[in-house]
Amino acid sequence: MAKDPVRVLVTGAAGQIGYALVPMIARGVMLGTDQPVILHMLDIPPAAEALNGVKMELVDAAFPLLKGVVATTDVVEACTGVNIAVMVGGFPRKEGMERKDVMTKNVSIYKSQASALEKHAAAGCKVLVVANPANTNALILKEFAPSIPEKNITCLTRLDHNRALGQISERLSVPVCDVKNVIIWGNHSSSQYPDVNHATVATPSGDKPVRELVKDDVWLNAEFITTVQQRGAAIIKARKLSSALSAASSACDHIRDWVLGTTEGTWVSMGVYSDGSYNVPAGLIYSFPVTCQNGEWKIVQGLPIDEFSRKKLDLTAEELSEEKALAYSCLN
Ligand code: NAD
Ligand code: LMR
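Here the structure is a predicted model, which is why all the values come from computation and not from measurement.

Engineer: Please explain the packing of aromatic side chains as it appears in this structure.
Structural biologist: Aromatic rings considered in pairs are described by the distance between their centres and by the relative angle of their planes. Following the criterion strictly, the structure yields six aromatic pairs and no others. Here W219 and F224 contribute two aromatic rings whose centre-to-centre distance is 5.6 Å and whose plane-to-plane angle is 50 degrees, an arrangement assigned as tilted. Side by side, W219 and F224 carry an identical accessibility label, which is buried. Pairing Y286 with F288 gives two aromatic rings, centres 5.0 Å apart and planes at 45 degrees, and the pair type is tilted. In this structure, Y286 and F288 share a single accessibility class: buried. Through pairs of rings, three or more aromatic residues link up here, namely W185, Y278, Y286 and F288.

So this is what it looks like as structure tokens:
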């Protein structure tokens, strides 16, 4: 029997990421090729015409799984009945800006959209915040939508996770699908800690630690880390626009794994509400290694953290605490 359609909200749908993301959702990349969807697309009035153009293209593409499109500048209409909300709307970083610089503009959007989601989304709606500063926008959304369970509010660090997999794959000339269990700790910013201490590569004689295969701790502890931390800025420099296709694809990965589950023996990175695991202060949205089952994520516990890593986990937590304070000062 055909499944009932799932309603997926994409805010900022007339923007770059939105334009890459909505066809992926309509093709089943996010929720599976047997899952019909109804797309809800929100943007602001100056982008209404462009948004309508995206809707026209979705109709023209005749996606078999797409059972309806709501394209609107009304936040209540956009949020009504949605099961999944991908929050992309906001202002992107330009060359030379840190993600913190976009804070003032974006946190106030997340405060106001929190209440629309809380009041009008379907029960159990899963929220993924993509717009920067992603962790802090997600935290503001959580704090101003107190009736949405904190486990349902997450932010995107899967792009950084995928970037880390990509760097290892390039370095070792192995297929990216053979690399697993990297971790992005902390903030989706240049303070994040891409950690390969538990990562492995599938080989004909079984999984081997990345460190054993790379045989270059200097590269792994320095250049690898900064390349992943700075990849967003490198893309902006090259494209004069921030990443879009990789962000859209990673957003699909994030939701797909959250809803349909992670593969046995594999974890992924998600920005989630900290419960104090790994001595990360509770009350931050912080990226952890997680596994997902039955629509719920769980932080992977018990991984040994060496002194080098500890410092990096703490540094990115400190930045998030500062961002939280700054966000509240912007809202006051
Ligand atoms: P963009 O400027 O192309 O699109 C953003 C869209 O949001 C625009 O159409 C704009 O009109 C719309 N918008 C602005 N305010 C809105 C509001 N209040 N409600 C609804 N829509 C609104 O930007 P983009 O390149 O698509 O990037 C979107 C966001 O995602 C940026 O904040 C960017 O920094 C961030 N980003 C995050 C990641 C990540 O990994 N977390 C990766 C790439 C980009
Ligand atoms: C990215 O990581 O590509 C995005 O967050 C865009 C940015 O500002 O770096």
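Continuing now.
Engineer: Where do I start with the layout of surface pockets in this structure?
Structural biologist: Any empty space left between the atoms is revealed when a probe the size of a water molecule rolls over them. For the largest pocket, the calculated volume is near 820 Å³. Looking at the largest pocket, it is lined by 38 residues, and the ones nearest its centre are V88, G89, G90, F91 and P92. Ranked by residue count, the leading element in the lining of the largest pocket is helix α1 (residues 16–26), at three residues. Taken together, the residues of the lining of the largest pocket break down into 17 nonpolar, 14 polar and seven charged. Elements supplying a minimum of two residues to the lining of the second largest pocket: α6 (158–172), β7 (179–180) and α11 (245–260). The dominant element in the lining of the second largest pocket, judged by the number of residues it contributes, is α6, at four residues. In the lining of the second largest pocket, the residues fall into six nonpolar, six polar and four charged.

Engineer: What am I meant to see in the packing of helix α4 (residues 103–120) against helix α12 (residues 307–331) here?
Structural biologist: When two helices pack together, their arrangement is given by the angle between the helix axes and the distance between those axes. α12 packs onto α4 with a crossing angle of 75 degrees between their chain directions and a minimal axis gap of 9 Å. The orientation of α4 with respect to α12, classified from their angle, is roughly perpendicular. Two secondary-structure elements touch here, α4 through M103, T104, V107, S108 and K111 and α12 through E323, L326, A327, C330 and L331.

Engineer: Would you mind showing me how to read the site of ligand 1 here?
Structural biologist: Ligand 1 sits among 25 residues. The nearest are Q16, I17, D43, V130 and N132. Here a nitrogen atom of ligand 1 sits 3.5 Å away from a polar atom, N or O, in the main chain of G12. Note that an oxygen atom of ligand 1 is positioned 3.2 Å from one of the side-chain N or O atoms of H188. Here ligand 1 loses 89% of its free accessible area of 860 Å² to cover by the protein chains. When atoms are counted within 2 Å of each cavity's grid points, the one that captures over half of ligand 1 is the largest pocket. At the level of secondary structure, the elements contributing two or more residues to the shell around ligand 1 comprise α1 and α4. For the shell around ligand 1, the leading source of residues is α4, giving three residues. Taken together, the residues that form the shell around ligand 1 break down as twelve nonpolar, eleven polar and two charged.

Engineer: Even after reading the chapter, I still don't get the packing of α1 against α11, so can you show me in this structure?
Structural biologist: Packing of α1 against α11 brings their axes to within 8 Å, and their N-to-C directions diverge by 40 degrees. On the basis of the axis angle, α1 is oblique to α11. Of the two elements, α1 crosses α11, and the hand of that crossing is right-handed. Contacts from I17, A20, L21 and M24 in α1 reach L245, A247, A248, S249, A251 and C252 in α11. Partitioned by chemical class, the residues of the contact of α1 with α11 number nine nonpolar, one polar and no charged.

Engineer: Explain the nonpolar core here, please?
Structural biologist: Most often, soluble globular proteins keep nonpolar side chains buried together rather than apart. Core analysis: the largest hydrophobic core is formed by 73 residues, its most contacted members being V8 and L21. Counting residues per element, this core draws most heavily on α1, which supplies seven residues. Setting aside chain neighbours within four positions, we find L21 in contact with V10, M30, V86, V88, A248, A251 and C252. Counting residues in each nonpolar core, the second largest holds 26 residues, with L42, A78, A145 and I285 among its members.

Engineer: I tried to follow α1 on my own but got confused; where do I start?
Structural biologist: Each turn of an α-helix holds 3.6 residues, which means side chains three or four residues apart point in the same direction. Taking burial as the measure, the eleven residues of α1 include eight buried ones, the bulk of the element. Buried within α1 are the following residues: I17, G18, A20, L21, V22, M24, I25 and A26.

Cut-offs and rules
Residues numbered from 1 in each chain as written. Chains lettered and ligands numbered in written order. Predicted model: local features only at pLDDT ≥ 70, side-chain atom pairs only at ≥ 80, totals over all residues. Heavy atoms only, no water. Phe/Tyr/Trp six-rings, centres within 6.5 Å; stacked < 30°, edge-to-face > 60°. Buried < 20%, exposed > 50% of the residue type's maximum accessible area, 1.4 Å probe, protein only. 1 Å grid on protein atoms, 1.4 Å probe; cavity = no way out; pocket = protein on both sides within 12 Å on 5 of 7 lines; lining within 4 Å. Points joined across faces, edges and corners; volume = space filled by probe spheres on them. Helix = DSSP H or I, 4+ residues; strand = E, 2+ residues; numbered from the N terminus. Nonpolar A, V, L, I, M, F, W, Y, C, P; charged D, E, K, R; others polar. Axes fitted to C-alpha atoms, helices over the stretch in contact; angles between N-to-C directions. Parallel < 35°, antiparallel > 145°, perpendicular 65-115°, else oblique. Contact = heavy atoms within 4.5 Å. Near = heavy atom within 4 Å. Polar contact = N/O pair within 3.5 Å; in protein donor to acceptor, adjacent residues only side chain to side chain. Areas by Shrake-Rupley, 256 points an atom, 1.4 Å probe, with all protein chains shown as cover. Sits in = over half its atoms within 2 Å of the grid points. Left-handed = near helix turned anticlockwise from the far one by under 90°. Core = buried A, V, L, I, M, F, W, Y, C linked by side-chain atoms within 4.5 Å.

Any functional reading would require information that these geometric values do not contain.
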